[in-house]
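So the chains spell out like this:
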Amino acid sequence: NYWNAASFITSSSYLHFSTFQGETSADISFYFKTSALDGVFLENLGNTDFIKLELKSATEVSFSFDVGNGPVEIVVRSPNQLNDDQWHRVNAERNVKQASLQVDQLPLEVRKAPTEGHTRLELYSQLYVGAAGGQRGFLGCIRSLRMNGVTLDLEERAKVTPGVKPGCSGHCTSYGMYCANGGKCVEKYNGYSCDCSKTAYDGPFCIKDVGAFFEEGMWLRYNFHSPGTSIKDLVSRMLLSSTDPETTAPDLNLNKEELSFSFSTTKSPCVLLYISSYTQDFMAVLVKPSGNLQIRYSLGGTKEPYNIDVDHRNMANGQPHTVNITRNGRDIVLQLDHYPPTTYSLPTASDIQFNSPKALFLGKVIEIGKIDQDIYKYNTPGFTGCLSRVQFNQIAPLKAALRPTNASSHVHIQGELVESNCGASPLTIPPMSAATDPWHLDSASADFPYNGQAIGDGVNRNSAIIGGVIAVVIFTILCTLVFLIRYMFRHKGTYHTNEAKGAESAESADAAIMNNDPNFTETIDESKKEWLI
């Protein structure tokens, strides 16, 4: 019902419905979008009574009616243009006490009803939506028209009405900004949708993280071209192209990359992400033994890779961290979590092209050929933790693995990939070191509570407290048992009654009472005195 809409494409087109039943109360609401200067939204007539809503000018909406006391008009004036081809909401109400009109979030305009006079709105004609009575009709879209709580089906009526089309176009103009994280707004006749296929996110607005938990030894490889695909086919598909097609080299030598992902781990060192190539070029994101983050670029021209060390904090603390890396030529911009972006520059001797990218690895590097010595050292036993929203240019490898798409054929997984909401990872308490853990068997300084020696004073004190608690519990149970036994034997055996003596030989219960109680006889004798008048 929210997107039930109709487009009025001529000034003489309108939709008609049955007479509006709003004798004592009327509640009308709808959305409109137009580029016209004026037009009638809706109108319903009687002999003299009427009700009408219209766009009087580019900044004015009018609500007018007559219940027999003369025409009443309420006007809301907007400081901004209302014919800006954006959605605006109108809400008009009328009852026996007052009438009101509101447009968007502008102040509510209220008009009190007269204390005397007519109060019932008597209408006879059909309800016209769009235009009526020879007036200039409305040009644009109206949706979600509700009258006294009932949504009018504009789309169904528009299907059989000349000059009116079901649905509205241009929804992305007003709502496209809600498609987040690079999601593309797709126009639909009854609304819009967000295309998240080129993002690492999911959900209706591309804001749901897609992540997975990696156990030790697990890894994921995303091949930039599927088996049997030539380099020329890969170029035509532009899998690695950035958002700007002009920067895509025809031989897949990248001048710029955009990499973003989120991770959480408590283990270091490890390889978070590695991008290999058919040459010696590579890019890697590592967690060093100290827990600090390191980004490594090797694009040729230098003997050693160019390293960016982020030493200001420990990243292996079990909390989710976000990494954004953008390279454009020689300039590299790194943003970590919510810290301000930091700019770095490749050495002047370094090349600026990433030549022939081959595959992207997550968790561990399983690649044929020569691998950087530090990466080889950090590669065992592998990453343990959570990775989410991984995206390299327009490729989302984790999403391709967890959501069946055309890109799923490029993914190879070692181990079981379990989807996880990495952003909701709980706070992890770091484990105790062997030197401070008293139960660590290899700890030379560990003193166990009992190993054939006497138990210390602290242990004796604890044993005494436990023994006292047990004694109190046993005493309470015994007391309860004694009480229950006494109670049971107290009510066992004969029972006593107040039955009168001689009841066995008496003819009735009254006779037994009189025989047993002499006073009762005297009372009866006194009450049997008779008086003759």
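Model, not experiment: these values are computed from the prediction.

Rules behind the numbers
Residues numbered from 1 in each chain as written. Predicted model: local features only at pLDDT ≥ 70, side-chain atom pairs only at ≥ 80, totals over all residues. Heavy atoms only, no water. Buried < 20%, exposed > 50% of the residue type's maximum accessible area, 1.4 Å probe, protein only. Helix = DSSP H or I, 4+ residues; strand = E, 2+ residues; numbered from the N terminus. Pairing = 2+ DSSP bridges. Patch = residues over 30% accessible without salt bridge, like charges linked within 9 Å, V, L, I, M, F, W, Y side chains within 5 Å. Areas by Shrake-Rupley, 256 points an atom, 1.4 Å probe, with all protein chains shown as cover. Salt bridge = Lys/Arg side-chain N within 4 Å of Asp/Glu carboxyl O. Core = buried A, V, L, I, M, F, W, Y, C linked by side-chain atoms within 4.5 Å. Phe/Tyr/Trp six-rings, centres within 6.5 Å; stacked < 30°, edge-to-face > 60°. Lys NZ or Arg CZ within 6 Å of the ring centre and 35° of its normal. Disulfide = S-S within 2.5 Å.

Draft legend 1. Up close: the pairing of strand β27 (residues 331–336). Burial of the side chains of β27 is restricted to one face: I332, L334 and L336 are buried, whereas none of D331, V333 and Q335 on the reverse face is. Taken together, the six bridges between strand β26 (residues 321–328) and β27 define a ladder with antiparallel strand orientation. Bridge assignment links V323 to a residue of β27, and that residue is L336. Remark: two residues form the turn of the hairpin made by β26 and β27, two consecutive strands paired antiparallel; G329 in that turn has positive phi of roughly 70 degrees. With four bridges connecting them, β27 and strand β28 (residues 342–345) associate as antiparallel partners.

Draft legend 2. A look at a nonpolar patch on the surface. A cluster of nonpolar side chains, I465, I466, V469, I470, V473, I474, I477, L478, L481, F483 and L484, forms an exposed patch at the surface whose accessible area comes to about 1,100 Å². Mapping I470 onto the fold places it in helix α6 (residues 457–490). A residue is classified by how much of its surface remains accessible, and I470, at 46% relative accessible area, is partly exposed.

Draft legend 3. Inspection of the nonpolar core at higher detail. Of all hydrophobic cores here, the largest spans 46 residues; its most connected members are F214, L293 and I325. Considering each element in turn, this core owes the most residues, four residues, to strand β22 (residues 270–277). Counting 39 residues, the second-largest nonpolar core is a separate cluster that includes F20, F41, L42 and L154.

Draft legend 4. View of the packing of aromatic side chains. Within the structure shown, the criterion is met by 14 aromatic pairs. Considering the side-chain rings of F41 and F138, the 5.2 Å spacing of their centres and the 55 degrees angle between planes classify their relative orientation as tilted. Of this pair, F41 sits in strand β4 (residues 39–45) while F138 sits in the loop between β11 (127–129) and β12 (140–147), and the two are 97 residues apart along the sequence. Each member of the pair, F41 together with F138, is buried. Every member of this aromatic cluster is reached through a ring pair, and the members are F8, F30, F32, F41 and F138. Its end group placed over the ring of W3, R143 keeps NZ or CZ at 4.5 Å from the ring centre. The ring of W87 carries R143 above its face, with NZ or CZ at 4.4 Å from the centroid.

Draft legend 5. Seen up close, the sheet that holds β26. Strand order across the open sheet formed by seven strands is β28-β27-β26-β21-β30-β19-β32, with antiparallel pairing between neighbours. Edge strands, defined here as strands with exactly one partner in the open sheet, are β28 and β32 (418–419).

Draft legend 6. Geometry of the pattern of salt bridges. According to the stated counting rule, one finds 11 salt bridges in the structure shown. Notably, a salt bridge pairs R327 with E257, separated by 2.4 Å at the nearest N-O pair. Of the two residues, R327 sits in strand β26 while E257 sits in strand β21 (residues 256–265), which places them 70 residues apart along the sequence. Using a relative accessible area of 0% as the deciding quantity, one classes R327 as buried. You can call E257 buried: its relative accessible area is 1%. D337 is the salt-bridge partner of R313, the closest N and O atoms lying 3.1 Å from each other. Of this pair, R313 sits in the loop between β25 (306–310) and β26 while D337 sits in the loop between β27 and β28, and the two are 24 residues apart along the sequence. Judged by its relative accessible area of 24%, R313 falls in the partly exposed class. Several salt bridges converge on common partners, so that one network encompasses D202, R403 and E419.

Draft legend 7. The arrangement of the state of the cysteines in detail. Scanning the entire structure with this criterion turns up four disulfides. Each sulfur in the disulfide pair C172 and C185 lies 1.9 Å from the other. Disulfide C172-C185: the torsion about the S-S bond is -90 degrees, which places it as left-handed. On the criterion of sequence distance, the pair formed by C172 in helix α2 (residues 171–175) and C185 in strand β15 (residues 184–188) is long-range, its members being 13 residues apart. Residue C196 pairs covalently with C206 via a disulfide, S to S 1.9 Å. Since a negative S-S torsion denotes a left-handed disulfide, the C196-C206 link at about -90 degrees is left-handed. Of this pair, C196 sits in the loop between β16 (191–195) and β17 (201–202) while C206 sits in the loop between β17 and β18 (208–209), and the two are 10 residues apart along the sequence. The exposure class assigned to C196 is buried, which follows from its relative accessible area of 7%. Residue classification places C206 among the buried residues on the basis of a relative accessible area of 0%.

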